[in-house]
Amino acid sequence: MASIELRNVNKWYGQAVHAVKDVSFTIEDGEFFGLLGPSGSGKTSVLRMLAGLETITEGDMLFDGLSVADKTPQQRNIAMVFEQNALYPHMTARQNIAYPLKIRGKSKHEIDEMVGDVARMLHIDHLIDRRASQMSGGQQQRVAIARALVRRPNLLCLDEPIAHLDTLLRARLRGELKRLQRSLGTTSVIVTHDPIEAMTMTDRLAVMRDGVLQQIGAADEIHNRPINAFVSQFFGLHSMNLFRLSQLREETGRHYAKLESGEVGVPSALKDMASKSGSLILGCRPHAVEVLKAGEEAPADSFTVTGKVYVAEPLGDEMLVTIQVGDLIVQAFDGRKRDYAIDEEVTVAARSEMLYAFNPETEDTIRFSEGGGSSLKSEMLAV
Ligand code: ADP
Ligand code: MG
């Protein structure tokens, strides 16, 4: 086990690709840490530098306060599990798991004990004498995880380890990995592009975009207080609806602004947040809005935008309504679970306190929603 620190880490591939840009963060001893971001954001590069599989172009990396920049993966004592496991297909599960212990010269007795322990933890003891080539994808991945953990690494690096498995199996392995990590207390880093994996398994996570670290924190914190428009849209079970407004103006006591495809009503509390030219980005989560049918009145002084129903999908206790507003797609949950016709005209309304606001130039958050219906907990309950 170890605590990890990255100091201004940069990775260049040749002269053209600056894949990781000045990334600094610390991971506590025993923590389960997530690296989350879209494809190409530099997650794997960070993980491979942590593991010692890739050199650091600039900056430093410390394990328990000591630089490991020049150390091999063996010297760092890391273990790694990739999306595609690299088991020896002709070897049995037992032989695969025992392999790293064997090359370290452990006795047969020790090996049997350690392999038995980890096999039980991963529920693969009944498969222990089956060849890897005769196992399902999920079973193989369990064996790969067992092999990584059996020698008690300082750091466990997981790169999209369950991404290719089917939904049910992924959900099970998510839980098992978390349980295992907790009981062993091994400092672990998981790379994923899936916000659900990141939020369910990790203690804290880092969101990356184009090689730049955007935000670090617990899932709840990032969900409720995203630092910018990108994080607000990327992180969550349902993407935040974003509205890029311009020409904010007042007319008979009510505020309006232009959306590319029409006009929206803007709560007066937000009028001072617009730029000098009257631009502003507003955001609201699909659970923080109301869908109004023709003739229904919006709450006073709320944000309102009108469009046409693209599709309405029943999801358990509620209806997920997808609405087309010009080129923009807006999503809203209707807890009343009413029926909607395709192309029916509806208005989405959000009370002022439900809205996020972002600087139109930098896209940094300038105002957080005051919650209510938009918390991660209520989103999770809705799945
Ligand atoms: P992620 O894991 O988030 O998808 P990566 O760390 O794999 O991101 O890649 C980050 C960027 O670096 C991408 O633009 C990718 O194309 C580039 N890249 C990754 N590995 C190499 C490499 N070995 N040589 C050149 N470019 C690379
Ligand atoms: Mg990757």
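Before reading on, note that the structure itself is shown above.
The residue numbering used here restarts from 1 in each chain and proceeds along that chain's sequence as written. In the order they appear in the text, chains get letters beginning with A and ligands get numbers beginning with 1. Predicted model: local features are reported for residues with pLDDT of at least 70 only, side-chain atom pairs are reported and counted for 80 or more only, and whole-chain, interface and lining totals are derived from all residues. Here the side-chain values reflect all heavy atoms present in the structure, with hydrogen atoms and water set aside.

### Examining unusual backbone geometry
- Even without being a glycine, D210 presents a positive backbone phi close to 45 degrees.
- Relative to the helices and strands, D210 resides in the loop between β9 (204–209) and β10 (212–217).
- Backbone geometry places D301, a non-glycine residue, at a positive phi of 55 degrees.
- If you trace the backbone, D301 turns up in the loop between β15 (290–293) and β16 (303–315). A run of DSSP states H or I qualifies as a helix once it reaches four residues; a run of E qualifies as a strand once it reaches two. Both are numbered from the N-terminal end.

### Notes on the sheet that holds strand β2 (residues 17–27)
- If DSSP finds at least two bridges between two strands, the strands pair. If you trace the four strands from one edge of the open sheet to the other, you get β2-β1-β4-β5, paired in antiparallel fashion. Of all the strands in the sheet, the pair left with one neighbour each is β2 and β5 (66–67).
- In terms of strand pairing, strand β4 (residues 58–63) meets β5 through two bridges, oriented antiparallel. Bridging across to β5, L62 finds its partner in S67.
- By definition in these notes, contact holds between two residues if any of their heavy atoms fall within 4.5 Å. Between N-to-C directions, angles cover 0 to 180 degrees, with each direction set by a line fitted to C-alpha atoms, over the stretch in contact for helices. Strands β1 (4–13), β2 and β4 of the sheet are contacted by helix α1 (residues 43–51), whose axis makes an angle of about 120 degrees with β1.

### Some words on the packing of helix α3 (residues 93–102) against helix α4 (residues 108–121)
- Contact pair α3 / α4: the axes reach a minimum separation of 10 Å and the direction vectors enclose 130 degrees. Considered as vectors, α3 and α4 are oriented oblique to each other. The crossing of α3 and α4 is right-handed. Contact residues: R94, I97, A98, L101 and K102 in α3; I111, M114, V115 and V118 in α4. Here roughly perpendicular refers to angles of 65 to 115 degrees, roughly parallel to angles under 35, roughly antiparallel to angles over 145, and oblique to all remaining angles. In this scheme, a crossing is called left-handed if the near helix is turned counterclockwise away from the far one by less than a right angle; it is called right-handed if the turn is clockwise.

### Things to note about the site of ligand 1
- The cutoff for a nearby residue is simple: one of its non-hydrogen atoms must lie within 4 Å of the molecule or strand. Around ligand 1 sit Y13, V17, A19, P38, S39, G40, S41, G42, K43, T44 and S45, and that is every residue in its neighbourhood.
- Residues adjacent in sequence count toward polar contacts only when both atoms are side-chain atoms; beyond that, a polar contact is any pair of N or O atoms within 3.5 Å, and within protein one must be able to donate a hydrogen and the other to accept it. One nitrogen or oxygen atom from the side chain of T44 is found 2.8 Å from an oxygen atom belonging to ligand 1.
- Within the contact set of ligand 1, an oxygen atom lies 2.6 Å away from a side-chain nitrogen or oxygen of S45.
- We get accessible surface area from the Shrake-Rupley algorithm with a probe of 1.4 Å; when it comes to residues, only the shown protein chains can shield them. Within the complex, the protein chains bury 57% of what would otherwise be the 560 Å² of accessible surface of ligand 1.
- Counting residues per element, the ones that place at least two in the shell around ligand 1 are β2 and α1.

### Points about the packing of α3 against helix α5 (residues 137–149)
- With their axes 7 Å apart at the nearest point, α3 and α5 run at an angle of 25 degrees to one another. Of the possible angle classes, the one that applies to α3 and α5 is roughly parallel. Between α3 and α5 lies a crossing whose hand is right-handed. For the pair α3 and α5, contact is made by A93, N96, I97 and P100 and by V143, A146 and R147, respectively.

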